[in-house]
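Residue-level structural notes
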Amino acid sequence: MALRSLTAADVPAVRRIYGKASVRFLGRGSMTGREAQEYVARVQRWHLADPVEQYVLGVDIGCDLVGVVKLGCRPDRHGRVSYVLREGCWGRGYATEAVRELVGFASTTAGLVSLGARHHPDNASSGRVLAKAGFTRIGARDGMIEYSLLLDC
Ligand SMILES: CC(C)(COP(=O)(O)OP(=O)(O)OC[C@H]1O[C@@H](n2cnc3c(N)ncnc32)[C@H](O)[C@@H]1OP(=O)(O)O)[C@@H](O)C(=O)NCCC(=O)NCCS
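This write-up is about the structure you can find in this document.

1. Side note on the pairing of strand E5 (residues 114-119)
Among the six residues of E5, five are classified as buried, and the element is accordingly described as predominantly covered. Strand direction decides the pairing type here: strand E4 (residues 78-85) and E5, joined by three bridges, are parallel. For Arg80, the partnering residue across the bridge sits in E5 and is Gly116. The β-α-β motif built from E4, the intervening helix H3 (residues 94-107) and the parallel element E5 has right-handed crossover chirality. In this sheet, strand E7 (residues 144-150) lies alongside E5 in antiparallel orientation, the contact comprising six bridges. Across the sheet, Ala117 pairs through a bridge with Tyr147, a residue of E7.

Written as structure tokens, this is what we have:
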């Protein structure tokens, strides 16, 4: 598994990642081809900013882009993590591996000191991913389960 930047060649894969089953708890519809194209272009622009406020990295398994992980970075060095994997690739530990890798990226490359994440109460596998990646459940807010993680500096 490797986390890597997205390129224009990833547009079809990104569209598949944001398919119907995957967006169930994301508060959005599945992605069209045009939306995927715009999304990848937007992500590439975000990565050119200084400082970067939003990272989106592809989860690459043997040259197959199976998901994306996101890291939002605030000026107070607190970050926000989220992740989406293509249906059909779930239950193989990929999300956990990717989030663990992203946690390392957050404390090194992004220079963050703490992370937060949240999931819908019915999305139990997402909570499991966060627990396995070292996050602590801190409560519920706005109908979502909230997690946090302090990073080693
Ligand atoms: C949530 C998601 C990222 C999980 O990805 P994944 O690669 O399947 O996750 P992993 O395989 O690393 O771990 C899944 C864990 O959840 C567990 N799990 C799966 N379904 C579950 C369920 N219904 N209830 C409880 N646990 C469940 C698995 O057993 C595994 O835990 P284990 O290793 O202790 O057995 C993936 O399902 C996804 O992309 N969903 C759509 C997008 C989404 O919901 N993103 C999160 C937004 S907060």
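On we go from here.
2. Things to note about the nonpolar core
Counting 31 residues, the largest nonpolar core has Leu71, Val81, Val99, Leu115 and Phe135 as the members making the most contacts within it. Here the element with the most residues in this core is H3; it accounts for eight residues. Those residues in contact with Val99 that lie beyond four places of it in its chain are Val81, Tyr83, Val129, Ala133 and Phe135. Counting residues in each nonpolar core, the second largest holds 16 residues, with Leu6, Val11, Tyr39 and Val68 among its members.

Conventions we followed
- Residues numbered from 1 in each chain as written.
- Predicted model: local features only at pLDDT ≥ 70, side-chain atom pairs only at ≥ 80, totals over all residues.
- Heavy atoms only, no water.
- Buried < 20%, exposed > 50% of the residue type's maximum accessible area, 1.4 Å probe, protein only.
- Helix = DSSP H or I, 4+ residues; strand = E, 2+ residues; numbered from the N terminus.
- Pairing = 2+ DSSP bridges.
- Right-handed = clockwise from strand over helix to strand, strands pointing away.
- Core = buried A, V, L, I, M, F, W, Y, C linked by side-chain atoms within 4.5 Å.
- Contact = heavy atoms within 4.5 Å.

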